[in-house]
Amino acid sequence: MKEYIRIHEKDNVLVAVKEIAAGEKVAIDKTEVEALETIPAGHKMAVSKIRKGDEIIKYGSCIGNATKDIPAGTWVHTHNVKTALGDLLEYTYSPVQTQMEPMEAASFMGYRRPDGKVGIRNDIWIIPTVGCVNAVAASLAKTANKKFNTDAIIAFHHPYGCSQMGEDEDNTRKILADLINHPNAGGVLVLGLGCENSNIDVLKPYIGEYDADRVRFLVCQDVEDEMETGMVLLEELISYASGFRREQISISKLIVGLKCGGSDGFSGITANPVVGKFSDLLIRQGGTAILTEVPEMFGAETFLMNRCENEALFEKTVKLINDFKQYYKDNNQTIYENPSPGNKKGGITTLEDKSLGCIQKSGSAQVKGVLSYGETVKECGLHLLSAPGNDLVASTALAASGAHLVLFTTGRGTPFASPVPTVKISSNSMLAGKKHNWIDFDAGVLLKDKEMEETAKALFDYIVSVASGEKVCSEEAGFQDMAIFKKGVTL
């Protein structure tokens, strides 16, 4: 097992793979550096003297400035480092060309839909238009799952659909419509109350054209017994969905969302880079990856901007970043106060530290598209999506934009799920061993004897099996969640 990792030759810090005890000597560049204090696993140690005000370099980039002199061998963290990030910025497009050789596309076993889309699940979804009918939706799903022998019948719940205005109201309608149209659902029951702002008649223009056999509507106020009527509609939807069978489909049709949460000091070294390698493999075969959580791009955004295929996409990425910064300012919040207590405990010091690790998930492909919140992907390749860092909100946004599944990297662990299969990838093997009921893939093996290419191939093969029907831990546990981004007032 490695004892430490120096990510880039320019770095003036290393990351301890295991705890480095005070007095322990570490060999760096043909010299020895003695640890002046205990360095926790996942945390940083200075490998040379850093003067007050100097840049802390990790990933070959600045992650902050020293707030005091830091002798070689010293623990480098929040007590002696501050962010170097400022406010709204102006950017210059300096394109970086990346060459990615196409590969022959692998295949998975999925479902072809009549509209040309493909799905990796054939579930029945119950989607409320308003939070008032959440309990009815849950009761229908519970009763139907007991009565019918079929793939999962899932009731999603949310508190919105009424008492909203403007952008909030529009966002709710877009996300609900996106989920109603999602090809992972073989059939959908849209459950309304009747008096809500986002009632079914208002929602239909957002949904657009739909197959009346696949999507059914129920307004609870319009029927005598919503449970009885709902069960009849669910039985009809199940009958329709049962006509689909898995068949061989090119991996070029697969859309994968990329998200991290509860990151630690290893996330940017193991889990996120291996997801980046997976993303490159997928894109080389004609597939699509979507990277989101915009606030966790701050400090690393220029790397993404300069990978934009053209200047128009660069300008859209600039707007993506600065609009989110303005959202913080409009709400009188500090833009860069992002790393959570769990992040800091795991070894992440500043937002730059977190962001430079976060964007590793994007691999090396050119950016082919920039999506607004609730916008669905329409072409293959790497896309950036506007959504916050919150795990459930961002993962729901990925599903709504068309992701068949979400790759979720984590150093701390979480049991949550999104509307689509959510693959939990641990950054360290201790987490994978402790929470085997949460974690689907262990990227911590990269800290031992596994090579990146080998591990990325193993992840790719596993994702093909998930796309072909293998359930992830959260599916086995029966967890399905969704959350909609809320910006405005509640009436």
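Residues numbered from 1 in each chain as written. Predicted model: local features only at pLDDT ≥ 70, side-chain atom pairs only at ≥ 80, totals over all residues. Heavy atoms only, no water.

(A) Quick look at helix α7 (residues 311-330). Spanning 20 residues, α7 covers 28 Å between terminal C-alpha atoms, matching the ideal 28 Å at 1.5 Å per step. Among all positions of α7, only L313, F314, T317, V318, L320, I321, N322, F324, K325 and Y328 are buried. The buried residues of α7 occupy one face: seen down the axis, they fall within an arc of 165 degrees. In α7, the exposed positions that point more than 90 degrees away from the buried face belong to A312, K319 and D330. Where α7 is buried, its residues touch α6 (301-305), β19 (367-371) and β20 (381-385). You can read the cap of α7 off the contacts: a side-chain oxygen lies 3.2 Å from the backbone nitrogen of A312, and it is on N310. (Helix = DSSP H or I, 4+ residues; strand = E, 2+ residues; numbered from the N terminus. Expected span 1.5 Å × (residues − 1). Buried < 20%, exposed > 50% of the residue type's maximum accessible area, 1.4 Å probe, protein only. Arc of directions from axis to C-beta. Contact = heavy atoms within 4.5 Å. Polar contact = N/O pair within 3.5 Å; in protein donor to acceptor, adjacent residues only side chain to side chain.)

(B) View of the sheet that holds strand β2 (residues 13-16). In spatial order, the strands read β1-β2-β5-β8; together these four strands make up an open sheet with antiparallel pairing. Both edges of this open sheet fall to β1 (4-5) and β8 (75-76), since each of them pairs with a single strand only. Of the pairings in the sheet, the one linking β1 to β2 comprises two bridges and is antiparallel in character. Within β2, the residue paired with Y4 across the bridge is A16. (Pairing = 2+ DSSP bridges.)

(C) Seen up close, the pairing of strand β10 (residues 107-112). By the bridge criterion, four bridges tie β10 to strand β16 (residues 247-250) in an arrangement that is antiparallel. Its bridge partner being in β16, G110 is matched across the sheet by E247. Both β10 and strand β11 (residues 118-119) contribute to a ladder of two bridges, which runs antiparallel. Residue Y111 lies in a different strand from β11, and its bridge partner there is G119.

(D) Inspection of the side chain of T396 at higher detail. Looking at where T396 falls in the secondary structure, it is placed in helix α10 (residues 391-400). Taking the relative accessible area as the measure of exposure, T396 reaches 0% and is therefore buried. For T396, the residues in contact, after removing those within four places along its chain, are I175, S418, P419, D481, M482 and A483.

(E) Focus on the nonpolar core. Ranked by internal contacts, the top residues of the largest apolar core, which has 105 residues, are I56, F108, L254, L407, I425 and I463. Of all the elements, helix α12 (residues 452-467) adds the most residues to this core, at eight residues. Discounting residues that sit within four places of it in the chain, F108 has contacts with V118, G119, I120, E247, Q248, I249, S250, I251, L254, V464, A467 and S468. One finds A137, F148, A155 and L233 within the second-largest nonpolar core, a separate group that totals 23 residues. (Core = buried A, V, L, I, M, F, W, Y, C linked by side-chain atoms within 4.5 Å.)

(F) Here's a closer look at the packing of helix α1 (residues 134-147) against helix α4 (residues 226-241). Interhelical geometry of α1 versus α4 gives an angle of 50 degrees and a closest axis separation of 10 Å. With respect to their mutual orientation, α1 and α4 come out oblique. Note on packing geometry: the crossing formed by α1 with α4 is right-handed. Residues V136, S139, L140, T143, A144 and K147 of α1 touch α4, and the partners they reach there are E226, M227, G230, M231 and L234. For the contact of α1 with α4, the per-class residue count stands at six nonpolar, three polar and two charged. (Axes fitted to C-alpha atoms, helices over the stretch in contact; angles between N-to-C directions. Parallel < 35°, antiparallel > 145°, perpendicular 65-115°, else oblique. Left-handed = near helix turned anticlockwise from the far one by under 90°. Nonpolar A, V, L, I, M, F, W, Y, C, P; charged D, E, K, R; others polar.)

(G) Spotlight on empty space enclosed by the protein. Under the counting rule described, the total for this entry stands at one cavity of 30 Å³ or more. Counting residues per element, the lining of the largest cavity draws most heavily on helix α9 (residues 351-358), which supplies four residues. For the lining of the largest cavity, a count of residues per class yields four nonpolar, six polar and four charged. (1 Å grid on protein atoms, 1.4 Å probe; cavity = no way out; pocket = protein on both sides within 12 Å on 5 of 7 lines; lining within 4 Å. Points joined across faces, edges and corners; volume = space filled by probe spheres on them.)

(H) Highlighting the pairing of β2. Of the two faces of β2, the one holding V13 and V15 and the one holding L14 and A16 are both buried throughout. Bridge count between β2 and strand β5 (residues 44-46): three bridges; the pairing is antiparallel. The residue of β5 that forms the bridge with V13 is A46.

(I) Inspection of unusual backbone geometry at higher detail. At D29, a residue that is not glycine, the phi angle is positive and equals roughly 50 degrees. For D29, the position within the fold is in the loop between β3 (25-28) and β4 (31-34). Of note, the phi angle at S163 is positive, near 60 degrees, even though the residue is not glycine. Looking at the element boundaries, S163 is found in the loop between β13 (153-155) and α2 (166-180).

(J) Focus on the packing of aromatic side chains. Enumeration according to the criterion identifies 13 aromatic pairs in this entry. Arranged with centres 5.7 Å apart and planes meeting at 90 degrees, the rings of F324 and Y327 form a pair that is edge-to-face. Highlighted residues: F324 and Y327, both in helix α7, separated by three residues, approximately one helical turn. For F324, a relative accessible area of 5% corresponds to the buried category. Ring geometry for Y373 against F485: centres 5.7 Å apart, planes inclined by 75 degrees, an arrangement best described as edge-to-face. With Y373 in the loop between β19 and β20 and F485 in the segment after α13 (473-476), the pair connects residues that are 112 residues apart, well separated along the chain. You can call Y373 buried: its relative accessible area is 7%. Judged by its relative accessible area of 8%, F485 falls in the buried class. An aromatic cluster is built from F298, F324, Y327, Y328, Y373 and F485, whose rings are joined through pairwise contacts. (Phe/Tyr/Trp six-rings, centres within 6.5 Å; stacked < 30°, edge-to-face > 60°.)

(K) Just the pattern of salt bridges, in detail. Summed over all chains, the structure comprises 21 salt bridges. In this structure, K58 engages D353 in a salt bridge whose closest nitrogen and oxygen atoms are separated by 2.9 Å. Residue K58 is found in strand β6 (residues 55-58), and its partner D353 is found in helix α9; the two are separated by 295 residues along the sequence. Per residue, the accessibility class of K58 equals that of D353, and both read buried. (Salt bridge = Lys/Arg side-chain N within 4 Å of Asp/Glu carboxyl O.)

(L) Fine view of the environment of K487. Mapping K487 onto the fold places it in the segment after α13. Residue class for K487 comes out partly exposed when judged on its relative accessible area of 34%. When neighbours within four sequence positions are excluded, K487 is seen to be in contact with E167, D168 and Y327.

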